[in-house]
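# A look at the structure
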Amino acid sequence: MLAANYPLRDIVFTTTYVALVTCWLMLVFHVMVDTLRSADLRGYAKASWIIAIILLPLVGTLAYLVIRGSSMHQRDNRAVEQRAIEEYIRTIAATKE
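Rules used in this analysis
- Residues numbered from 1 in each chain as written.
- Predicted model: local features only at pLDDT ≥ 70, side-chain atom pairs only at ≥ 80, totals over all residues.
- Heavy atoms only, no water.
- Helix = DSSP H or I, 4+ residues; strand = E, 2+ residues; numbered from the N terminus.
- Buried < 20%, exposed > 50% of the residue type's maximum accessible area, 1.4 Å probe, protein only.
- Areas by Shrake-Rupley, 256 points an atom, 1.4 Å probe, with all protein chains shown as cover.
- Lys, Arg positive; Asp, Glu negative; His and termini not counted.
- Charge placed at Lys NZ, Arg CZ, Asp CG, Glu CD.
- Phe/Tyr/Trp six-rings, centres within 6.5 Å; stacked < 30°, edge-to-face > 60°.

## Details of the overall build of the chain
Scanning the chain from N- to C-terminus turns up four helices and zero strands. What you see in the chain, going N to C, is helices and strands ordered as α-α-α-α. Overall, the chain is about 65 × 40 × 20 Å in size when its C-alpha atoms are taken along their principal axes. A burial count over the chain gives 19% of its 97 residues as buried. Just so you have it, the chain exposes about 7,700 Å², and 70% of that area is on carbon and sulfur atoms. Charged side chains of the chain number 10 positive and 8 negative; the gap between the two group centres comes to 5 Å.

## Brief notes about the packing of aromatic side chains
Two aromatic rings are characterised by how far apart their centres lie and by the angle between their planes. On inspection of all chains with the given rule, the structure shows one aromatic pair. Ring centres of W49 and Y64 lie 5.0 Å apart, and the angle between their planes is 85°; on these two criteria the pair is classed as edge-to-face. With W49 in helix α2 (residues 43–55) and Y64 in helix α3 (residues 57–68), this pair connects stretches of sequence that are 15 residues apart. Judged on exposure class, the residue W49 and its partner Y64 are both buried.

Honestly, that's just the spatial picture; any functional story needs more than this.
Written out as C-alpha cells, the structure is:
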C-alpha cells in the first residue's frame, strides 16, 4: 500500500538526498577533527573554526577547506604514520616478553 504512493523517482531522490547529507556530515566531522588535531593552530583559532563550523556549517566548512584544506592531507599522513609506529612498538614489545 505504501509503495503505491511512493514512486521509484521519489525513492531515487530520497536515497540521493540521504547519501549527500551523510557525506556532508562526514565532511563536517572530518574538518572538526582536523581542526582539533592541528598543531599549528592556537586555542582561540581552533575555537573560532569550530564555532564557525557549528553556526554556519556550509560556509564554515567550505572556508576551512579553501584556507587550510591543502595541509589536511599532511596531517592525516602524519597521524597514520604515528599509529603505525606505535603499533610496531607494541608488536616488538609483545614479542620480547
